[in-house]
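Below are the chains, spelled out letter by letter.
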Amino acid sequence: MEEEIKRALASAALEARKQAYCPYSHFAVGTALLTADGDIVTGCNVECASYGGTNCAERTAIFRAIAAGTRNFSALAIAGGVEGVEPEAFCPPCGICRQVLAEFCGEDFPILLVKSERERQEYTLGQLLPAAFGPGVMG
Ligand code: THU
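Read on for an overview of the structure. Small disclaimer: the values here were computed from a predicted structure and weren't measured. (Residues numbered from 1 in each chain as written. Predicted model: local features only at pLDDT ≥ 70, side-chain atom pairs only at ≥ 80, totals over all residues. Heavy atoms only, no water.)

As for the overall build of the protein
The condition is simple: In DSSP terms, a helix is any run of H or I states spanning at least four residues, a strand is any run of E spanning at least two, and both are numbered starting from the N terminus. Exposure is judged per residue with a 1.4 Å probe applied to protein chains only, and the accessible area is read against the type maximum: over 50% gives exposed, under 20% gives buried, and values in between give partly exposed.
Helix and strand counts for the protein stand at four helices and five strands. Reading the helices (α) and strands (β) of the protein from amino to carboxyl end gives α-β-β-α-β-α-β-β-α. Its C-alpha atoms give the protein principal-axis dimensions of about 45 × 40 × 30 Å. The buried share of the protein, taken over its 139 residues, is 42%.

Some thoughts on the pairing of strand 5 (residues 120–124)
Filter applied, for reference: In this analysis, strands are considered paired if DSSP registers two or more bridges between them.
Direction of pairing for strand 4 (residues 110–114) relative to strand 5: antiparallel, over a ladder of five bridges. Opposite leucine 113, over in strand 5, you have glutamine 121 as the bridge partner. Taking the residues between adjacent antiparallel strands as the criterion, strand 4 and strand 5 are bridged by five residues.

A look at the nonpolar core
Across soluble globular proteins, nonpolar side chains have a tendency to be buried as a group. Our working definition: The set of buried Ala, Val, Leu, Ile, Met, Phe, Trp, Tyr and Cys residues whose side-chain atoms join them within 4.5 Å is what this entry labels a nonpolar core. It only takes one pair of heavy atoms within 4.5 Å for two residues to be counted as in contact.
Counting 21 residues, the largest nonpolar core has Leu33, Ile78, Leu101, Phe109, Ile111 and Leu125 as the members making the most contacts within it. Looking at this core, the elements that each hand over two or more residues are strand 1 (27–35), helix 2 (57–67), strand 3 (73–82), helix 3 (95–104), strand 4 and helix 4 (125–128). When residues of this core are assigned to their parent elements, the largest contribution, four residues, is made by helix 2. Not counting the four nearest positions on each side in its chain, leucine 101 is found in contact with Ile62, Leu76, Phe109, Ile111 and Leu125.

Topic: the environment of methionine 138
Structurally, the position occupied by methionine 138 is in the segment after helix 4. It is 33 Å that separates the C-alpha atoms of methionine 138 and cysteine 48, two residues lying 90 residues apart in sequence.

Considering the site of the ligand
Basically, it comes down to this: Near, as used in this document, describes a residue that has one of its heavy atoms within 4 Å of the molecule or strand being considered. Under the rule applied, a polar contact is a pair of N or O atoms within 3.5 Å (in protein, one hydrogen donor and one hydrogen acceptor; residues adjacent in sequence only if both atoms are side-chain atoms). The classification used treats Ala, Val, Leu, Ile, Met, Phe, Trp, Tyr, Cys and Pro as nonpolar, Asp, Glu, Lys and Arg as charged, and all other residues, Gly among them, as polar.
Around the ligand sit Ser25, Phe27, Val29, Asn45, Glu47, Thr54, Cys56, Ala57, Glu58, Pro92, Pro93 and Cys94, and those are all the residues in its vicinity. The backbone of cysteine 94 places a nitrogen or oxygen atom 3.0 Å from an oxygen atom of the ligand. Elements with a minimum of two residues in the shell around the ligand: strand 1 and helix 2. Residues that form the shell around the ligand fall into these classes: seven nonpolar, three polar and two charged.

Let's talk about the pairing of strand 1
Counting buried residues along strand 1, eight of its nine residues qualify, which places the element largely inside the surrounding structure. Bridge count between strand 1 and strand 2 (residues 40–44): five bridges; the pairing is antiparallel. Bridge pairing links threonine 31 to glycine 43 in strand 2.

So, the packing of aromatic side chains
How we decide: Here is the rule: rings of Phe, Tyr and Trp (six-membered ring for Trp) pair when centre to centre is within 6.5 Å. Planes less than 30 degrees apart are stacked, more than 60 are edge-to-face, and the remainder are tilted.
Per the counting criterion, the structure on display carries two aromatic pairs. Look at tyrosine 24 and tyrosine 51: their rings are 5.6 Å apart centre to centre, the planes differ by 45°, and that puts the pair in the tilted class. In this pair, tyrosine 24 sits in the loop between helix 1 (3–17) and strand 1 while tyrosine 51 sits in the loop between strand 2 and helix 2, placing the two residues 27 residues apart along the sequence. On the numbers, 6.4 Å between centres and 75° between planes, the contact of phenylalanine 73 with phenylalanine 104 is edge-to-face.

Quick look at the pattern of salt bridges
Side-chain pairs of opposite charge can arise where the charged atoms are in close proximity. The condition is simple: Here a salt bridge means any side-chain nitrogen of Lys or Arg lying within 4 Å of a carboxyl oxygen belonging to Asp or Glu.
If you walk through the whole model with that rule in mind, you get four salt bridges. A salt bridge links arginine 7 to glutamate 3, with the nearest nitrogen and oxygen atoms 3.1 Å apart. In this pair, arginine 7 and glutamate 3 both sit in helix 1, four residues apart, roughly one turn of the helix. A residue is classified by how much of its surface remains accessible, and arginine 7, at 28% relative accessible area, is partly exposed. Looking at glutamate 3, the relative accessible area reads 38%, which means it is partly exposed. A salt bridge links lysine 18 to glutamate 15; its shortest N-O distance comes to 3.0 Å. Relative accessible area serves as the criterion here: at 62%, lysine 18 is assigned to the exposed category. Residues joined in a network through salt bridges with shared partners are Glu3, Arg7 and Arg120.

Without other data, these values stay purely geometric and don't point to any function.
Dropping the structure here:
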């Protein structure tokens with residue numbers, strides 16, 4: 001993936017963080033999902049007074065894309081941290097989001113953890129969720 005695309009994804013995830021609805025945790029997460037067509041679909045976490053109703057930023061972006069008719073993805077950027085300030089650490093995706101990613105993305109799928117446009121860590125889905133149970137397992 002080109003540096004320019006990685007920066008654009010990082011920037012979009014940082015911008016999407018500003019939309020997070022997180023009055024309970026005050027932990028704001030933004031994501032930017034690159035589709036195979038080259039579009040960027042963003043997401044943020046949406047919390048709920050009944051805490052179990054909360055949706056993570058990663059799944060928000062994936063579900064938005066699926067609902068818009070797109071199922072092929074090329075990369076995901078994630079930025080998270082205390083609401084209102086720049087991220088102080090990298091925010092890895094939770095286990096449920098890793099599993100949902102495995103539903104639509106292969107083990108080489110790149111996941112960028114973002115502190116700023118230039119401060120990034122890069123993993124593959126296979127590194128974050130090895131030996132995944134996915135659609136292929138069910139035949
Ligand atoms: N959160 C995400 O949006 N993505 C993750 O991968 C980790 C956690 C959200 C859920 C909740 O709103 C807040 O961060 C604290 O857990």
